[in-house]
Each structure stands twice: as structure tokens, then as C-alpha cells.
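Residue-level structure breakdown
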Protein chains: 10
Amino acid sequence: MATLQAKSALVTRLLEAKKKSGKTYNQIAEQTGLTNAYVAQLFRRQAQLKPGTAKAFKAAVPTLTDDLIEAMQEIPLRAYDPIILQDPTIYRLHEATSHYAESIKDIINEEFGDGIMSAIGFYCSVEKVKGKEGEDRVVITMNGKYLPHTEQKTTDNVAKLAK
Amino acid sequence: MATLQAKSALVTRLLEAKKKSGKTYNQIAEQTGLTNAYVAQLFRRQAQLKPGTAKAFKAAVPTLTDDLIEAMQEIPLRAYDPIILQDPTIYRLHEATSHYAESIKDIINEEFGDGIMSAIGFYCSVEKVKGKEGEDRVVITMNGKYLPHTEQKTTDNVAKLAK
Amino acid sequence: MATLQAKSALVTRLLEAKKKSGKTYNQIAEQTGLTNAYVAQLFRRQAQLKPGTAKAFKAAVPTLTDDLIEAMQEIPLRAYDPIILQDPTIYRLHEATSHYAESIKDIINEEFGDGIMSAIGFYCSVEKVKGKEGEDRVVITMNGKYLPHTEQKTTDNVAKLAK
Amino acid sequence: MATLQAKSALVTRLLEAKKKSGKTYNQIAEQTGLTNAYVAQLFRRQAQLKPGTAKAFKAAVPTLTDDLIEAMQEIPLRAYDPIILQDPTIYRLHEATSHYAESIKDIINEEFGDGIMSAIGFYCSVEKVKGKEGEDRVVITMNGKYLPHTEQKTTDNVAKLAK
Amino acid sequence: MATLQAKSALVTRLLEAKKKSGKTYNQIAEQTGLTNAYVAQLFRRQAQLKPGTAKAFKAAVPTLTDDLIEAMQEIPLRAYDPIILQDPTIYRLHEATSHYAESIKDIINEEFGDGIMSAIGFYCSVEKVKGKEGEDRVVITMNGKYLPHTEQKTTDNVAKLAK
Amino acid sequence: MATLQAKSALVTRLLEAKKKSGKTYNQIAEQTGLTNAYVAQLFRRQAQLKPGTAKAFKAAVPTLTDDLIEAMQEIPLRAYDPIILQDPTIYRLHEATSHYAESIKDIINEEFGDGIMSAIGFYCSVEKVKGKEGEDRVVITMNGKYLPHTEQKTTDNVAKLAK
Amino acid sequence: MATLQAKSALVTRLLEAKKKSGKTYNQIAEQTGLTNAYVAQLFRRQAQLKPGTAKAFKAAVPTLTDDLIEAMQEIPLRAYDPIILQDPTIYRLHEATSHYAESIKDIINEEFGDGIMSAIGFYCSVEKVKGKEGEDRVVITMNGKYLPHTEQKTTDNVAKLAK
Amino acid sequence: MATLQAKSALVTRLLEAKKKSGKTYNQIAEQTGLTNAYVAQLFRRQAQLKPGTAKAFKAAVPTLTDDLIEAMQEIPLRAYDPIILQDPTIYRLHEATSHYAESIKDIINEEFGDGIMSAIGFYCSVEKVKGKEGEDRVVITMNGKYLPHTEQKTTDNVAKLAK
Amino acid sequence: MATLQAKSALVTRLLEAKKKSGKTYNQIAEQTGLTNAYVAQLFRRQAQLKPGTAKAFKAAVPTLTDDLIEAMQEIPLRAYDPIILQDPTIYRLHEATSHYAESIKDIINEEFGDGIMSAIGFYCSVEKVKGKEGEDRVVITMNGKYLPHTEQKTTDNVAKLAK
Amino acid sequence: MATLQAKSALVTRLLEAKKKSGKTYNQIAEQTGLTNAYVAQLFRRQAQLKPGTAKAFKAAVPTLTDDLIEAMQEIPLRAYDPIILQDPTIYRLHEATSHYAESIKDIINEEFGDGIMSAIGFYCSVEKVKGKEGEDRVVITMNGKYLPHTEQKTTDNVAKLAK
């Protein structure tokens, strides 16, 4: 619990640094070559800032102090307070995936076989587009590697006990 | 509860009809001009088959009997058994949206303002693409209308009590 | 969690400012041209004070300091502590909507079709009226835009992957 | 549990009788002088058909057999399966009341005093109106008697133990 | 949450004032003409001290400072931490009402009709009596107004939309 | 679970027998010398019909067949479906005891000491009285033996291991 | 909640006093003539130190200051954080009683009749014994008064309303 | 779920066989040399009837048919429906262990070290004794092997991967 | 739900076929070249029998009829009834992984980086070994592919919207 | 709760000491002769540092101050915040054991009999290996003593009441 409170306090500081910088997630994404959702995950400590990207990130958001840049490179505990599901924006997202869940599984099974869309080898982005009648629309794209369930052959299993 | 059991029994019959037809969701989607996820929602009774589409649907899936086609046109109760979250395919989807939820809300707020992505005026599709290293990848695209939170001005509120 | 605690602390300050002003929600609503429930939502940080209304709001509640007026213009995380459901006033409201829920859905479906009452394009007001026998009665009016469930035609889906 | 299953089976029969009658809730409401939500509650066994109304009800919905009309006059157990909250129509209603709950309590307290809106001496109706821009809107009106929390004076308490 | 913590801190101060006064709930009840359970509810901030009673209450418990007496006149949020159900005294009470619940409903329905015992127009008292074999017994008496479920006739519904 | 389903089926039969007898709980209570709530508990299989009372009970409710009278003498599993808490009558009862729980404990502690009101050596009755303004009121009386928490002296503990 | 935090802080101080005293629960139990589990309950504020025992307790644990001895004589709220069930020692205890629960009830019913083992008129002790093969074994002995479910005869019910 | 329903149906048959035999758990325990709680566990399918005991068990309860005796020798899934916790007998047992849990852990740690009471190498029995004032008392004795938490030395860990 | 009941019924049939074959999981594993845990998953419908293995599987378990072999090749919904966690064998496994979870994550992060052990590209086996003192020990080996969390570079994200 | 917060604060200090030491879990494990997972458990206060190992541990991690080394020798409350299950690394582990749980139980029952894998007499280690295609793989090995469910013979039960 101390861990989560420390994380939450750190996120508050990161968001303040972003606010001071005057940059949007999209602007930072463009400057760093990262997807916008991933940039937001970095500020929320839901992803690790990779060492090779730290310098570019600091350049894009100069208000991030060195200790914040360092803290962003720690491997995070990925977790959230379930109460955020009450917010309508977040609930609608949860609702869409829950109601479409079995259908999406059906199509993956049919087109790929017995496997899943990885949430680890994964890309997410959020875009603003115009609909047919000129209305604003939110487009969320999730791109995850297909992982087939392994058939567990003993000969392929490198983990064997010494006898 | 009787309602959900009846729905579940109906879904079983619909999926059997699809199996007998030998068609995939993608094939039916192509023939009917609907997104593949939406076609799957129709078989799972998570969406209503619109009267104007019924004929084309029957043509694409001839194994659907008339009473099934009629039943698909009823307005459904959209609901699911929470135990499906245990399946890895479905959990990964739920995990991705839950962990990215606050980030997606942040970007929507920044790019659109105080509002949400509608889950009603909504499109969903599932595609198979090749990654940079030739690996299979699942791409899920969600496209929802942006709805701004209304400022509730009394003069705009058409619902007034008679005095 | 830090976010919710900060919100809660802010709400305490906002309610104190209102108390000092000596104004009721109805009086503020009348002066600002907003519904009374929406005014209360603003004090509870369940809605965003729109920039165009900030000046009028400050005029109606002069005890709100500039930093509070500014804080009210941030986009809020809409959330509540589930323990408030224990309060009889709040429980009765929850009970009424839960017990009438399927009936209201039935009538919406019958009169409008397969769709919902939006909670985003939405107005709410609370009034005091006299009943037939002279008793005080509470009237709550909810006015939400009807949103039909979209039939997901591929041609209407503007979100397509580049190939 | 047996009770709820029996109730559920009865509701299925009642809804079939309504369907056969070809009448909408609004038509039945108009013919019987009841609110449309209350008529729906009667079909869902969430309210008791009063003996004085039974004849008019049978006249409005002739497909209701005598045993159904009799069953509708039993005092029901008012209950629902929590899974119905997953349906978007029902969730939006629940969301609206939950998010506005404290605000509505605040206004009741301010305008009436320390008390509640009764969910028992209560009216509910659902209407279709046109918004300012010609869009369809759902208006739900709840009208409940105000009940003040009693100050418990010993002299007013008629329940005293014999000594 | 801030609200509940503030309430909890206030209750601690109120109970300390009572302790300092050396008075029991029964003594305060006798001096103020209130039921003993209601007096306890006032100290726990589960009821509002009515202005007309404040003076007598202060006289009965002189250790209550003016700011406490004032705070007791605020309308409270009625809520409790569910963990208190673990205490055997509180659990037994909960167990008794839960196990007798359907029986009590049956008798109310049979003797009064389709309605409830109000928890708002309500009196509660706790007494110590001797049983047949001389043992101490606790007697709890609950006295609530009977509220019949309203038949919702359109003509009686004073809440009508202006057309 | 089988046990609870069997119990539920038995309760249905018992309530049908009562209905056929045309007797109310109060009439049966008067004829058998039992409290009315206890009579209802017997029909709900929440209490055991004592052998010495079986004959009088059968006389009061002649529609109870011998096998039912025998089944009522089995020791029951006392349990209920939590969904019954949704019914307003049952919820109000639960609400009253939950909100008054700490107050009632306080008074028991103050008047009796460190102990509880037993829910086993317990009487419950439901009565209809007239209030000061002629209104119908429900009075529920709970009468439970006071049980002090034992100080666990080793010399009083008769359960000792053989050494 | 404030109450539970205060309790928790007090327990910390009590356990520190015990640690400083260098005494084990068994030693304190022997010196005070109480069961060892009850002594531990006193340190955890799950039982009230009886006034007649306070002096002997202070003698056995001289590191307990006077204010701690006084605090131990307050009637406690008996409660625990459910997370302690995760500890293997505590889980095993919970598992044993849960899995044997119906069997123990069966035997009580068979040997005593329709009643329970009281958790109030109750003794608990923990002993270390040697098993048949010389292994250490934990023996927990629970000794509770048998309480028969009362048949609720109206003539025995001393709680009657004055008419 | 099918598994649990099959188990439940089997338990019903086993309890009927016991009822027909006219034997009590104590009588069967005495004849078979098993503890009474363990005998009850066998009938509830919470323990496996060991092959070496099957003959003696059949002799003690001749109404058990051969197929039942065989079914009792299957290794069971040990599980229970959580709703049984509502029964007062079972709840009291659960309450006692939950409230004493930390105290019992404290004493085990103090007397044995860092370890637990096993619920597997375990004995349970239920006895009827007379208290100091002649009252009936239930004594439950739990006797479990002490298991110390292992210090995990690499040299003692026989599970090593082949390299 | 219908899906899960159908699965459960199928598992019952599969386990009966295995029982009739007289083979153990280990024997079938040896004959088919699969890990023993994976063989058990196939009987529990937690894994898909791959077409290329079907013939060998049928040979190893000749009591499996053709329709069962075919049913085992369907892609399953991987799910379980949470009540199985009550069984001590299953709970111990759950306890071990829960209590070691953060430690295992720490070591993975330290030795591999920011990533996870895949549960999809995964092998599991269960072995019986002798401990240092000759005691039987269960060794469970889990072998999962390491998956690093992707840094989401826009240039690597093949899912781009057509513009 | 205070206990868990104190534990959490202590863990933070222990992890800081480890960080300062610059040592990995594997390095400390090698130097102390303990499994790597067990070393991590010591830093997370999920295991007790045994007195005989304290000196070697201090030598391996010199940044651990004496008071920390002493604190690590206290017997811990083994518990975790359930929110950690949201982290993908931890969830995958939980998923693997939950989905394989029944299969593992089946194999234990078949190979050992009616018993469990102990989580107390238990070893856990985490290793990095190369898969067949050169990929990194995580191997977790759990090694627990087999504990057979005891047949509860009265003559073996050393816990007998003195008569």
C-alpha cells in the first residue's frame, strides 16, 4: 500500500511538470516518436521510460527534473484504483470491451487459431477523426502480437529436473 | 434470470446455425457490409439485427431459420457472465483497457474537451496484420462518437413541469 | 487515490465558500441560469465550470476565491464513495431507479427503438411541489438525449487501417 | 430462490400476453389511467395490481387470462438480478442517479429540511420530447412524497412496553 | 471520504463530552424527553439535533460546547463502516432482522396490505426487563409508520411536463 | 445447494397449505399460543416445530398434511437469499438496524455491561397500532436474553486435556 | 473508522508493553488464572479486562502503565481487518472451521437438539502436546455454552405493548 | 459446477442412508474407532473413506449400499456453499475463530516458533460436557500438527533444474 | 452460462472415459509426449487438443469416443468456478503464488528487465520426488517465455489509420 | 491495519538498503545459500530471517543496519494488498495456477493419494533459461512436502478431554 501511495504522489508531481511545460500528450508523442497513449502511460507510471529514450523525453518536457526522469525509469507496479471505473469516460471504454469480449475472442480464434492478443507486445493510440456527418469521433487502436497457446510437448520443455 | 437463460439458449442455436453454414465472421461481414465484430455481436445477441438488413443476413447465412432471423430482430438485454473475464483472451482485453483507461481519458480531455467516447454511436472491428518482423498481430479498432458533457442551462432544458 | 483525496479536500473548501455566501443552490441556479442539480454538481466537482460561465458564477457566489473558480474549470474525475449509498436519501433514489430500470428500458425501446437515454447530453433538476392533499413532494426530472445503437456498416466506419 | 424463479416465469408469461395484445405500455397507460412506468412495473411483477383496477386492466389487455390477472394481484417480492446493470440503458440510469446523488440530497435538505424523497408514495413516468435542435429526448419524472426524519419524542412514541 | 472522516472525528469529540458529563443515554433521554436510542443516534451523528431541542440538550449535557451543539444541528450523512457488523452485539441484531425479514414482511402484507414500515417516521427504544426466570433481557422496540405502495394514477400525479 | 433448493421447495408447499387454510399468521398465533413472527418462521422453515406443539399446530392449520407436519419438525438450516434485501420492506428493516446498531450496542453496554442481546433465546412479534394522528403503524418488538461476555478463568473452564 | 484506528494504535502500545515485560502469554495466563487465548484477546482489545482482575493483571505485567490498564477496561468493539485471513496460520484455522462447519452443526443437533454453541459464554485455550510419533502438535479447545433456540410462546414473552 | 451438484446429490443420499440406519454420529464413531466430526465429514463428502476402514464402516451403517461405500472412497473436492455461514450455529463457530485468530497465532508463534497448525494432519472432535453450574456445554477440540516455515536453503532444495 | 454448463457436462464425460481406460495422467503423458499437467488440462477442457496429436491421444486413451476426440479439438473457454479455491490442495497453490508474487516479479525485473513470464507460451509439469529425509515431495515446474513490455514507437506501430 | 502499515514502511526501508548495496537477489542468494525467491521474501517481510542466518545475511548486504536485521527476525504477518493482482506479471502467475489448479490436484491425487502439496515445508526458486529457439524463459520451481489427509482414528488423537 505504501508503494501505491508513493506511486500516486509521484504521478501528481509528473502531471504538474507536464502542465507547467504547456505541452499536450500529442505534442510530446510527436517529438519523442512514441504513441500518445504510451506517453500518457509514462506520466501515470504505467510504463517504464526506457534509458535510450530518457534524453529525448527530457528535451520534449524540460520541466521534468532529473530526479523525475530517473524515477520514470524505474520498473513500475502497474495498478489502478477500481473506483476510476465510475468515471463515464472510463466506464464506456470498459463497457465496450466487456460487451464485445466474446465476439473479439471468437474472431481471433477463427482467424488466428487458439491464442490471444498480447497486452505486453502491444501498441495503443488515440486519434481524433471526423465522422460522415462531420461530427468529432474518438478512434482507439490496439495492436497486440498474436500469441498461440503452446502445445506442451515434453521434448520442447527445457525445464527438466536434475535426477 | 429466466431472460438470460433464454438468451443463452438462443445464442447456442445461433452459433450452431453459423457452424453449419461453414461461414466465418469475416465472410459474413463482407457479404453483409457490416463490421466483423458487429456480426459476432449479432450471433451473441448483443446487438439487434435491423429489419433492413435481415434479408441480406439470411442470404449470407442460409442456415438461419426464419424464427431465428425473427428472434435476432428483438431488442436484446446486453449482458454477460462475469466469469468470462477468466479466459486469457478476454482478460488481456480487459487488462489493456483498464490499465490505459486514465491515459485515454487524459488524451480525450486534452484533444476534445470534457466529454467521452460514446459506446453507443460506436464501431468495432478486428483485423489480422503482419508486424515488422513478420509476426501475426491482432488490431482492434474502436471508433466512437465524441459526446461533450452538457452545460445544463435552464433555458435549454425542454423538460419543465407544468405549473 | 491521491487524486480522489485532493478532490475531496477541494469539495470541502467549495462547500464552505457556498455556506459563507449564504446562498442556496436554487438562488445560485436562478442567478446563473443553470439547473439546480447542475449547480450542486459544480460544487461537488462532478461537473466542469465552463469558462463562459465562470464570471457569472463568481458574481453569484462572491465567496469563491479566484483559485477556487479556476479549480472548478478543471475537467473532473467523476466518482463517488460507494458508502454514500447507505444514506436513506441516496438509497431511496438508487432503489427507485434500480426497481424501475427494466420498465424504463422497456418503454424507451417501445417508444424510441433500440437505444438509450444519454447520461452525457443530460439535464437534471429537483423541484418542490404540493401534492393533491397539500403535502410536500420532491420532483426529480431527468432529460437525456436519445441515442440509438448504431448498426455498424463498414462503409460508415471512418476508422480504417492504412494498408 | 424458488420464489424468484417462479416470479421470473410469471413475468415471461405476462410479457407474452402483452405482446399478443399488440398494445404498447403507453396505450395501456392511457386506457387504465396509470403512469406508463407503473404499467410496466405491473407486467414485471414489481407492483401489485389493485383489485379496483383489475377489471379495467383486463379490458385494456384482453390477452391476460384470469389466472394471470389474479396472479398480478398478489403482493410481489420486489427484486431484480444485479446483472441487468450491465445493459447500457440500465447502467446509464444508474450512473445518472449515482453521480447526482449527493447533489440531490443537498437540494432536498436545503429546500425541505432533514428528510427524504419517498420511493413508496411515488410516481414515475417516461416521456418522449423534442429537444431544441429537434432531437428525440427521454424525460423521466420521479415524484415522491417528502418524508421528514422524525424527532423521537418519548411522548409521541405510542409503542410502550406494559409494565 | 473527507466527509466521513470529519464525521468520525466529530463523533469522537461528542462521545468524550458525554463521558465527561457522567450521564448515561437513559438519563439524557429522560431529561430531554427523547427515546434513548435516538439520543445515542445524536451522539453518533446519525440524526439531526432539532433547533427546538438544542437548549434542553445542552442543559442535559453541559459538557457539550456551543460549537458541538451547533455541529449536531447540521443534517448528517447517515452512514457506517460495514466492519462494525463483525462485533457480536451488532451482528446478532443484523442476524435477527435478516432471518426474520421475510416473516415480518409476510405479516405486514397480511395485516396492512402492500406496503412497508417506514424507517423515517420511526421510533426506536432499548429497555432492560426481567424474564420469567429472573434473567436480564434486552427489549428493542421499533415503531414505524405504515406506508402503502401508491397506485400511480395519472390524475394523482402532480408532476406533469409543460407542453 | 441441494439442501437450500429442497428447503425452498418445501416452503412453497407450506405456504400453499397456509393459503388453502384461509388462516392469517395472527389467527394461527392466537390458536397456538405462539408469537406471530415465530409462526411465520415455522412456515419459512427458519424455526423447528417442537414435537409438543405439532398437534396444536395441525389443529390450527388442518391443510398441513402429516408429512408436512413431520418435515416442520426437522432442525432447519437457517439461511436466506441475500437478494431479498432488495425488497423495500426488508431493506427498511435492515437499514433501521444497521443505522441504529452502534447506538443500541452503546446502550446495552451502558445498562447491562459487556455483553449482547441473544438472537437464540429470543422473541419477536409484529403488531399494528394507531399513531397519535390516527395513522397505522407497525411495531416490531425484539426480546432477547442478555448474555455477558465470559471472563475466561482457567478454574471455570471444564474443558481440560487429559495429561 | 477513527475508532478502529484508535484501537489499532492502542494494541500496538499494549504489545510493546508485553514485549518489554519479557513475559509470554502462558506465563501471564498462569499468574492471572486466565486462559492463554483470553490473555491474548486482552492485549488485542478483543476482550474487556474486568475490574476485579485489573490489579492481578498489572502485577503480572508491570510494564502496563495505569492509563493502559484503564484503557483495557473499556468495552471494546470486537472487529478485525479481513486481510489477516491471508496469513497461513489464520487461514488454516478458518479453513478447518469452515470445512467442518456443517459436520459440527450436525453433531450438536444430534446430541443436544436445535441450538448452538455460544461464542459469548465461551472459553478458548491453546496447548502444545506431543503426538504419537513425538511430533509437536497444537491443540485448540473451544468450550461454549449450549443455547437452545427458544420456542416463542406468547405467555413467556415478557415484552408486551401497553394497550 | 456439475461436480458440486453431483457431490450435493450424493450427500443427500448418504444422509438418507444414515437416517434409515437409526445410528448417530457418535455411535458410528464408537463402532469404527473414528472421531465423531470425521464420521460426519465422511457423510458430507469432506473426507475420503479409507479402503482399510470401508468394511468396518459398512458394518456400522448397513444401510449404505455398495455403490455408496465405493463413492465414499473417491477423493473429494472439499468445498462448501458460503451461504451456510448464515446459519447461527455455523456463524458462531466462524466468529469465534475469526475473533481469536490473531491471538491463537500469537501463542503458536510464542510457544512453537514461526509456523502453523496444520489443517491436514488434523483431528477434530465434538463433545458434550456439563459446566460448573450443570449447564450443557459444547466442547470442540482441534488437534493439528505443528509445521514450521522452512528456511529455504539451496542445498536442501532437491528440486534443481538439469543443466 | 449455458456454455459453462455444457463444458462441465463434457468434462464429466471425458473423466469417465479416462477412468474406464485405467490410465493415469502420467501414463498418457508418456505415451503422447505431452507434459502431465497439459494432459490433465485437455481432460478438463482447459486446452485444445491439436489435430496433429488427436490420433496419438486416441491411441493412448481408446475409451475416448470419436465425438469426444472431436469435442476436445474445439477451442475452449478457459474458466473455472471460484469455489474450487476452497479445496485445500488448490488453496495452497493459490497461497504460494500469491504470497511469493511480488518477490517473483522483483527477480524477473532484476534478471530480465521490465516484462513478464507468459502464461501462453508456457509449460507446466508435476513431479514426485524424494526429499532429504526420504519424504515424498511435490515439485511443480512452470516454464514461461519472457515477454518484455514494448516501448511503443510510432514507427514500429503497423496499425495506422488510413487518412 | 496499523500492523500492515508498519510492515509496509519497513519493507520500503529494506528495499532501499538493498538498492544501496548494489546487490541482486541472485547475488545475495548465492552468498547466503538461500533460494532467490526466499531472499526476496525476506526483504518483503513474507518470511522470518532465522537467527542462525542473520550474520551471513548482514555480511551479504552490509547496508542493512542492525535494527533492520533485528526487525527481519520478527515473525511476520504474511499478507498482501489484493490490488497487486492487477500487475500483469503477478496476474499471469495467478492465472497460470488458477487455470491449472484442478489438473494439478488431479495429478497429486493420482500419484500420491488424498493429500496436498504443503506451502509451509516449501521451496521456491526463479531461474532464467534459454528456450529451444534461443529465447529467454522464466522457470519457476515449487517444491512442497506432500501431506496426506489424516484418517482421524480416536486412538491416534492425543487430544482427549480429562474426565
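Check the entry above for the structure.
How each quantity is defined
Residues numbered from 1 in each chain as written. Chains lettered and ligands numbered in written order. Predicted model: local features only at pLDDT ≥ 70, side-chain atom pairs only at ≥ 80, totals over all residues. Heavy atoms only, no water. Least-squares fit on C-alpha atoms with pLDDT ≥ 70 in both. Contact = heavy atoms within 4.5 Å. Phe/Tyr/Trp six-rings, centres within 6.5 Å; stacked < 30°, edge-to-face > 60°. Helix = DSSP H or I, 4+ residues; strand = E, 2+ residues; numbered from the N terminus. Buried < 20%, exposed > 50% of the residue type's maximum accessible area, 1.4 Å probe, protein only. Lys NZ or Arg CZ within 6 Å of the ring centre and 35° of its normal. Pairing = 2+ DSSP bridges. Axes fitted to C-alpha atoms, helices over the stretch in contact; angles between N-to-C directions. Buried area = accessible area lost by both parts, 1.4 Å probe. Salt bridge = Lys/Arg side-chain N within 4 Å of Asp/Glu carboxyl O. Polar contact = N/O pair within 3.5 Å; in protein donor to acceptor, adjacent residues only side chain to side chain.

On to the relation of the copies chain A and chain B, then. Superposing chain A onto chain B takes a rotation of 180 degrees plus a shift of 0.0 Å along the axis, which leaves an RMSD of 0.0 Å. Seen this way, the second copy is the image of the first under a two-fold rotation axis. The rotation axis passes nearest to the C-alpha of Thr141(A) in chain A, at a distance of 2.3 Å. Same-surface contact between copies: 100% of interface residues of chain A are shared with the interface of chain B.

Turning our attention to the packing of aromatic side chains. To describe a pair of aromatic rings, you give the distance between the ring centres and the angle between the ring planes. Following the criterion strictly, the structure yields 45 aromatic pairs over all chains and no others. Consider the rings of Phe43(G) and Phe57(G), whose centres lie 5.7 Å apart with planes at 50 degrees: the pair is tilted. Of this pair, Phe43(G) sits in helix α3 (residues 36-43) while Phe57(G) sits in helix α4 (residues 51-60), and the two are 14 residues apart along the sequence. Ring plane angle 50 degrees and centroid distance 5.5 Å describe the contact between Tyr100(G) and Phe122(H), whose orientation is recorded as tilted. Remark: Phe122(H) occurs in strand β1 (residues 115-130) and Tyr100(G) occurs in helix α6 (residues 88-111); the pair is interchain, linking two chains. Neither Tyr100(G) nor Phe122(H) differs from the other in exposure class; each is buried. Ring pairs connect the aromatic residues Tyr25(A), Phe43(A) and Phe57(A), which therefore count as one cluster. Taking NZ or CZ as reference, Lys128(H) lies 4.9 Å from the ring centre of Phe112(G), over its face. Just above the ring of Tyr25(J) sits the side chain of Lys18(J); from NZ or CZ to the centre is 4.0 Å.

In this section: the sheet that holds strand β2 (residues 136-148) of chain B. The antiparallel open sheet is built from 4 strands, whose spatial order is β1(A)-β2(A)-β2(B)-β1(B). Two strands close off the open sheet at either side, each with one partner strand: β1 (115-130) of chain A together with β1 (115-130) of chain B. Across the sheet, the mean angle separating the axes of adjacent strands is 15 degrees when strand polarity is ignored. Bridge analysis of β1(A) against strand β2 (residues 136-148) of chain A gives 12 bridges, and the strand direction is antiparallel. Paired with Val126(A) across the bridge in β2(A) is Ile140(A). Against the sheet, helix α6 (residues 88-111) of chain A touches β1 and β2 of chain A together with β1 and β2 of chain B, its axis set at about 25 degrees to β1(B).

Glancing now at the interface of chain A and chain B. Residue-level contacts link 63 residues of chain A with 63 residues of chain B. Across the chain A to chain B interface the summed buried area is about 6,500 Å²; carbon plus sulfur atoms make up 65%. Applying the counting rule to chain A against chain B returns 8 salt bridges. Of the charged contacts in the structure, one is a salt bridge between Arg44(A) and Glu102(B), with a shortest N-O distance of 3.4 Å. The interface formed by chain A and chain B holds 32 residue pairs in polar contact (both at pLDDT 80 or more) in total. Where the side of chain A that touches chain B is concerned, the elements lending two or more residues are α2 (25-32), α3 (36-43), α6, β1 and β2 of chain A.

Here we take up the arrangement of the chains. Separating chain B from chain H is a minimum C-alpha gap of 13 Å, and the two share no contact. One thing to see here is that chain C and chain H don't touch, and their nearest C-alpha atoms sit 22 Å from each other.

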